Amino acid sequence: MNKFITKQGSRLAALAAGIVLFSFTATAQDLINSKKVNNAGGTIKFNSNAGTFENSAAIGLITNTGVIEMLGTDNTFTGTNTLSSSAALRVPGQVSYASPAAAQNVFPGYYTDLDMKDAGVKNFGAATSVFIGQNYTTAGGNRVYGTSLITYDGAAAQAVAAENATNGGGYNNLDFTEAGLKTLSVGAALVNGTTGIDASTTGGGLVVDGTSGATLTATGDLTQDAGAGDLSLISGGVANVNGAANTIGANAVVTNGTLNLGDGAIASATTVTGTLSLTGATGILAANALSTLNVDGGFTNTDATRTNQTFAANSTIDYQDGASNIVTTASTNPYGAFIISKSNGPINAIDNGGTEIDLEIATSFAMSGGSGNNLDMLGSTGGKVNLTSGTAGNVTYAGNEEVVGTFRRSHNITAGDTYVFNNAQTKANFTTKPTDAAANYFEVYVNPDGQTQYYDATRDVQRDIRIDYNYDTWVADITAGYQATDVPLTWDPAYDEDQIRFREGKADGTQDEKVSTGEPYARTGSGVGSLGYVTLPGMTATATDVDGNADAGFFADASAPHNELILRAGPAIWYSVNPGRWSNPLTWDEGIEPPTDVEVVVRHNVHAGFIRADGYAIDEDHPTLMATKITIMSPDTDPLFPTPTLMIGSSDITAPFATSTTPVAGITNPGRIIVEGVTTEVPVTGGYAAENTGAAVNFVAGLVVFGGADITASESLINDGCLNIGGTLGIGQ
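Each chain has its residues counted from 1, following the order in which its sequence is written. With pLDDT at 70 or above as the cut-off, local features in this predicted model cover only qualifying residues; side-chain atom pairs require 80 or more to be listed or tallied, and sums for whole chains, interfaces and linings still use all residues. Hydrogens and water molecules were not included; the side-chain quantities draw on all heavy atoms of the structure.

In this section: the overall build of the protein chain. Secondary structure elements follow DSSP: runs of H or I of four or more residues count as helices, runs of E of two or more count as strands, with numbering from the N terminus. Secondary structure summary: the protein chain contains one helix and 63 strands in total. Split into buried and exposed, the 733 residues of the protein chain put 54% on the buried side. In the protein chain, the proportion of contacts linking residues at least 24 apart, taken out of those at least 6 apart, comes to 61%. Relative accessible area decides the class of each residue, using a 1.4 Å probe on protein chains only: under 20% of the type maximum gives buried, over 50% gives exposed, and in between gives partly exposed. Whether two residues are in contact is decided by their heavy atoms, any of which lying within 4.5 Å being enough.

Let us now look at the confidence of the model for the protein chain. One number per residue, pLDDT, summarises how confident the predictor is, and it ranges from 0 to 100. Mean pLDDT over the protein chain: 87, with 86% of residues reaching 70 or higher. Scored below 50 in pLDDT, residues 661-670 shows 21 contacts in the model against residues more than four places distant or in partner chains. This stretch, residues 683-699, has a pLDDT under 50; its non-local contacts, to residues over four places away or in other chains, come to 34 contacts.

Counting 116 residues, the largest nonpolar core has Tyr171, Tyr319, Tyr335, Phe365 and Leu375 as the members making the most contacts within it. For this core, the element with the most residues is strand E20 (residues 206-218), which contributes five residues. Those residues in contact with Tyr171 that sit more than four places away from it in its chain are Tyr136, Tyr145, Ile150, Tyr152, Val160, Ala161, Glu163, Ala189, Leu190, Val191, Asn192 and Gly193. Note on terminology: a nonpolar core comprises buried Ala, Val, Leu, Ile, Met, Phe, Trp, Tyr and Cys residues joined through side-chain atoms within 4.5 Å. In this structure, Ala572, Ile648, Val675 and Val705 belong to the second largest nonpolar core, which totals 23 residues.

Next up on the list: the packing of aromatic side chains. Given two aromatic rings, one states the distance between the centres and the angle between the planes to describe the pair. Only centres within 6.5 Å qualify two rings of Phe, Tyr or Trp (six-membered ring in Trp) as a pair; their planes then separate them into stacked at under 30 degrees, edge-to-face at over 60, and tilted for everything else. The tally for this structure, following the rule as stated, stands at 26 aromatic pairs. Between Phe77 and Tyr111, the ring centres sit 6.4 Å apart and the planes meet at 70°, which makes this aromatic pair edge-to-face. You can see Phe77 sitting in strand E7 (residues 76-78) and its partner Tyr111 sitting in strand E10 (residues 109-116), a full 34 residues away along the chain. Accessibility assignment for this pair places Phe77 and Tyr111 in one class, buried. Put simply, a charge is over a ring when the Lys NZ or the Arg CZ is close to the ring centre, within 6 Å, and near the line of the ring normal, within 35 degrees. Here the guanidinium or amino end of Arg466 rests over the ring plane of Tyr445, the centre of that ring lying 4.5 Å away. The ring centre of Trp574 lies 5.2 Å from the NZ or CZ of Lys514, which sits over that ring.

Attention now moves to the environment of His604. Its place among the elements puts His604 in the loop between strand E54 (599-602) and strand E55 (605-608). Considering only alpha carbons, one finds His604 and Thr587, 17 residues apart in sequence, at a separation of 8.8 Å.

All right, on to the sheet that holds strand E58 (residues 672-675) then. By definition, two strands form a pair when at least two bridges between them are found by DSSP. Strand order across the open sheet formed by five strands is E52-E54-E56-E58-E61, with parallel pairing between neighbours. Of all strands in the sheet, those with a lone pairing partner are strand E52 (573-575) and strand E61 (716-719), marking the two edges. Sheet twist, expressed as the average angle between the axes of neighbouring strands with direction ignored, equals 10°. All axes are obtained by fitting lines to C-alpha atoms, using only the stretch in contact for helices, and the reported angles, taken between N-to-C directions, cover 0 to 180 degrees.

Attention now moves to the pairing of strand E26 (residues 257-261). Taking burial as the measure, the five residues of E26 include five buried ones, the bulk of the element. What you see with E26 is no split at all: Gly257, Leu259 and Leu261 on one side and Thr258 and Asn260 on the other are buried throughout. In terms of strand pairing, strand E23 (residues 237-241) meets E26 through five bridges, oriented parallel. Paired with Ala239 across the strands is Leu259, a residue of E26. With five bridges connecting them, E26 and strand E29 (residues 283-287) associate as parallel partners. Among the inter-strand pairings, Asn260 is bridged to a residue of E29, identified as Ala286.

Once that is clear, we can look at the pattern of salt bridges. For salt bridges, the criterion is a side-chain nitrogen of Lys or Arg within 4 Å of an Asp or Glu carboxyl oxygen. One pass over the structure, following the stated rule, counts 17 salt bridges. Put simply, Asp619 and Arg581 hold a salt bridge, and the shortest N to O gap is 3.2 Å. Residue Asp619 is located in the loop between E55 and strand E56 (629-632), and its partner Arg581 is located in strand E53 (residues 580-581); the two are separated by 38 residues in the primary sequence. Residues joined in a network through salt bridges with shared partners are Arg501, Lys514, Asp589 and Glu590.

This part is about the sheet that holds strand E14 (residues 143-144). Within the open sheet, the three strands sit side by side as E9-E11-E14. Their pairing is parallel. The sheet terminates laterally at strand E9 (104-106) and E14, the two strands that pair on one side only.

With that settled, the discussion passes to the pairing of E58. Both E56 and E58 contribute to a ladder of four bridges, which runs parallel. Within E58, the residue paired with Ile632 across the bridge is Val675.

Glancing now at the side chain of Ser232. Among the structural elements, Ser232 can be located in strand E22 (residues 231-234). Taking the relative accessible area as the measure of exposure, Ser232 reaches 15% and is therefore buried. Not counting chain neighbours up to four residues away, the residues in contact with Ser232 comprise Leu206, Val207, Val208 and Val253.

A few words on the side chain of Ser200. Within the secondary structure, Ser200 is located in the loop between strand E19 (195-197) and E20. For Ser200, a relative accessible area of 14% puts it in the buried group. In terms of polar contacts, Ser200 uses its side chain to reach the backbone amide nitrogen of Thr202, at 3.3 Å. If we ignore the near neighbours within four places in the chain, the residues touching Ser200 are Glu178, Ala179, Gly227 and Ala228. As used in this structure description, the phrase polar contact means that two N or O atoms lie within 3.5 Å; if the pair is within protein, one of them must be able to donate a hydrogen and the other to accept it, and residues adjacent in sequence are counted only when both atoms belong to side chains.

Positive phi, close to 60°, is recorded for Ala127, a residue that is not glycine. Tracing the chain through its elements places Ala127 in the loop between strand E11 (122-124) and strand E12 (129-132). For Ala127, a relative accessible area of 60% translates into the label exposed. Unlike most non-glycine residues, Ser235 shows phi in positive territory, near 50°. One can find Ser235 in the loop between E22 and E23. The exposure class of Ser235 is partly exposed, given its relative accessible area of 37%.

Along the chain, Asp175 falls in strand E17 (residues 173-176). Once the C-alpha coordinates of Asp175 and Asp153 are considered, the two residues, 22 residues apart in sequence, prove to be 8.1 Å apart. The residues touching Asp175, leaving out its near neighbours within four places in the chain, are Leu149, Ile150, Thr151, Tyr152, Gly196, Ile197 and Asp198.

Below is the structure:
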């Protein structure tokens, strides 16, 4: 018998016994198949290091209900119809890498069942791609994945092997695709590279089932495609998503488990373009240090208390164009840095039926969406934005975005810092540090679509603004911003934004009064895409009443709803707040000399046209047009002002004084001088009286015209007090 016949007979006998020996020559130890292989529960072993399964037969001619066992270091599949080369040529049945000692290189490609058996280390080569259609068992030696990609691509349910540092270092890149639901149910799966959950029209997705302590740690980027099956955490399962740029493009559902964003050591960003759903108290989200959660899709949380979500102080959440609402937070579990970059419309807060209605924020607040992209706290929960960090400059707006509703800052205040509230031009600079209460806060309520109880469509900005606080005292420069659309077309043509001043009104509609501090207003008009604003320095919680409508002081009313800040245009009434010259800004509550189109109430010794003991030498701006109406108040009206007196002199002015002869719209009786009733009359025919020092002597009351001086009441003069005329008093034009 020749050797060929002998070898052929031996090969057939061996095949029948389930053992493959060699190839046809002494140098090739391969299985070369061109017809049919039916491994019916047996074992086909490749013993040599370079043994190969060379196949040219159609895949349908190969069945394997047993095992193809690789014992060599570099066993491969080859041939014109190479098994494992595509999904259509997937190796049927189980392929087992089973070296008892030597390291083995795992051949890339498509497997049905892949078994890592015995003690030899299993190496997945550089850029190797291995696809597993059904089962992956890892009971043998360590697996070294290098830069490989492992893909679970079964059409039916698959269990995910827990590869980690205890058995070789964990996966490199890991992918889940096709219709089969992939479940990690035992142990820790560590992915050092990327993790992908691919789109599938028939199911798919990944479940981390924590019944036996399963944890998935994605060190690199995790990407869930749009249309992919759910990423689900159940029974206490944990997913650590630590990549630099992660994407949740379909649904991530945390029913009973924990989704950790970032490892707290390096920056990690996760973008939700699909939905992120936290279900009840057991659905836990933890945004760790240096992590960013970009909500560009849906984000919901049905835990009523919101204690199932935590955000590190140096974490960031950014609600983007795909976001439809904002999840509220608990005071014990606030957001870290909070951003709204949504630029395609307003967004509101949502409590999902829970008890927490506020947006609690620990670090900073920013809006960068542009005009009209407001945060509406009124249209949903009715809660507030509450920022607990007092860092100056930690509230920013890119344009004229606004928070509609209440913006509270509950933190320690530093004098001299500017604190921003509902929009870029609604702010407070506390010139005197507030006295801190046990739980200190300062808040501003803004409703751009609202109206105050005192709304006047002919001259008011159509905007409801309220201020509340629980500091004992404060002094601040207050600025109120408004939109161009808040200035209605119903305004009187004589009024404009350069005339806007503050008034305070009780929210119950019973009383309003002028707000003045002795400091001048600053104003900037509104425009398309830009806010207008009005600033009044020196506002306090207990300001001295300036207009005779006494109350407890500016916004000191503690009842809710709190007093309203009215923005009203048009000429106002000027009140004297100090004795002094008419041209001296310190004389007047508005902090500037009265313009000619206003009414004036004199409550002190006020002189015009000459220098008195105060030494103020700057002449009046308009000596011939002092005001539309001058009222010298009765000292009986308020005991704080015992000697209201207007004294007219001409020591350094040659032109005579006269009131306006042109009526101003909205002002009653232009050009009138009214001297109200007085009880103390000290006529002075020449010279001048001393300043109001509190002594009964040297006081004069009423109107004094010194010799050589003129004043004309162009309309009328009503005297119910005392006229002291040493010069000329004209009546009428």
